[in-house]
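In case you want the letters, here they are:
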Amino acid sequence: AESTKIDRTTTAHIRYKNLELGYHQFELDYQNMFLAPPGFTDLTGQTYPDGMQYSPIVSEDRWTLHYDWKVKLARHSITVRPYLTHIKANPGTVTNNMGRDTAMFNAQTNNTRKIAGLMMHNAYRYSPSTTLSYSARYDQVSDLDNTIAGHVGFVTRVDSQHHLKGYLTQSYRLPTFLEKYYPT
């Protein structure tokens with residue numbers, strides 16, 4: 001079967017000086033998107049000996065609040081950003097190949113996520129043509145392990161039309177609720 005994804009989003013941001021409040025709501029409707037292997041057991045305890053094809057509908061509301069402190073000192077440009085994020089996955093449904101709709105999230109499922117984090121970035125002007133940068137980010141996540149990520153890098157101007165850039169980065173992406181409860 002052919003798979004399609006329908007995405008509907010609503011976004012709003014309010015910024016006052018260095019303070020920003022954001023809201024993002026989206027709905028993803030995956031049609032014939034996922035295949036589960038033989039022996040797959042869903043959240044209700046139903047097992048499918050021949051496997052299962054399922055089409056989840058996921059909706060999420062996300063609120064974010066952050067403040068940017070920016071400081072310029074001699075050759076440094078420093079940004080510190082504390083932030084809070086609240087995510088609520090709205091109960092969706094999963095239509096499977098047996099013609100049955102099951103609840104995506106039930107009473108035993110945690111469908112909210114709170115993230116408190118801190119990001120720090122420093123751009124250091126090493127010379128008139130070269131900038132060194134480094135950053136660190138810490139996320140405290142309510143339903144997953146806390147994470148730390150960062151990067152170091154440089155940008156140098158070779159001539160008036162060319163720049164040379166190099167970065168070493170460690171990053172991560174939090175799993176969506178769909179990935180968390182329906183691993184593929």
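Anyway, here's the lowdown on the structure attached to this text. What you see is a predicted model, and the numbers here were worked out from it, not measured in a lab. Per chain, residues are indexed from 1 in the order of the written sequence. A pLDDT threshold of at least 70 governs which residues receive local features in this predicted model, and a stricter bar of 80 or more applies before side-chain atom pairs are shown or counted, although totals over entire chains, interfaces and linings include all residues. Only heavy atoms go into the side-chain values, all of them from the structure, while hydrogens and water stay out.

1. Remarks on unusual backbone geometry
Next up, step 1: Although it is not a glycine, lysine 17 sits at a positive phi angle of roughly 55°.
Next up, step 2: Strands here mean DSSP runs of E at least two residues long; helices mean DSSP runs of H or I at least four residues long; both are numbered from the N terminus. Position of lysine 17 relative to the elements: it lies in the loop between β1 (4-16) and β2 (19-31).
Next up, step 3: Under the scheme applied here, a residue whose accessible area is under 20% of the maximum for its type counts as buried, over 50% as exposed, and between as partly exposed, the area being computed with a 1.4 Å probe on protein chains only. Judged by relative accessible area, lysine 17 falls into the exposed class, the value being 65%.
Next up, step 4: Of note, alanine 74 is a non-glycine position whose phi angle comes to about 40°, a positive value.
Next up, step 5: Within the secondary structure, alanine 74 sits in the loop between β7 (69-73) and β8 (76-90).
Next up, step 6: The exposure class of alanine 74 is exposed, given its relative accessible area of 89%.

2. Considerations on the pairing of β8
Next up, step 1: Here, strands pair whenever DSSP counts at least two bridges between them. Looking at chain direction, β7 and β8 are connected through 5 bridges and run antiparallel. Within β8, the position partnered with lysine 70 by the bridge is threonine 79.
Next up, step 2: Hairpin connection from β7 to β8: 2 residues lie between these consecutive antiparallel strands, with alanine 74 at a positive phi of about 40°.
Next up, step 3: Alignment of β8 against strand β11 (residues 112-127), held across 13 bridges, turns out to be antiparallel. Residue pairing for β11: isoleucine 87 is matched across the bridge by arginine 113.

3. Things to note about the packing of aromatic side chains
Next up, step 1: The aromatic pairing rule takes the rings of Phe, Tyr and Trp, using the six-membered ring of Trp, and pairs them if the centres are within 6.5 Å, calling planes under 30 degrees apart stacked, those over 60 edge-to-face and the rest tilted. If you walk through the whole model with that rule in mind, you get 2 aromatic pairs.
Next up, step 2: Between tyrosine 23 and tryptophan 63, the ring centres sit 4.6 Å apart and the planes meet at 45°, which makes this aromatic pair tilted. With tyrosine 23 in strand β2 and tryptophan 63 in strand β6 (residues 52-67), this pair connects stretches of sequence that are 40 residues apart.
Next up, step 3: Seen from their ring centres, tyrosine 67 and tryptophan 69 are 5.0 Å apart, and the 70° between their planes marks the pair as edge-to-face.

Read these as spatial facts, not as claims about activity.
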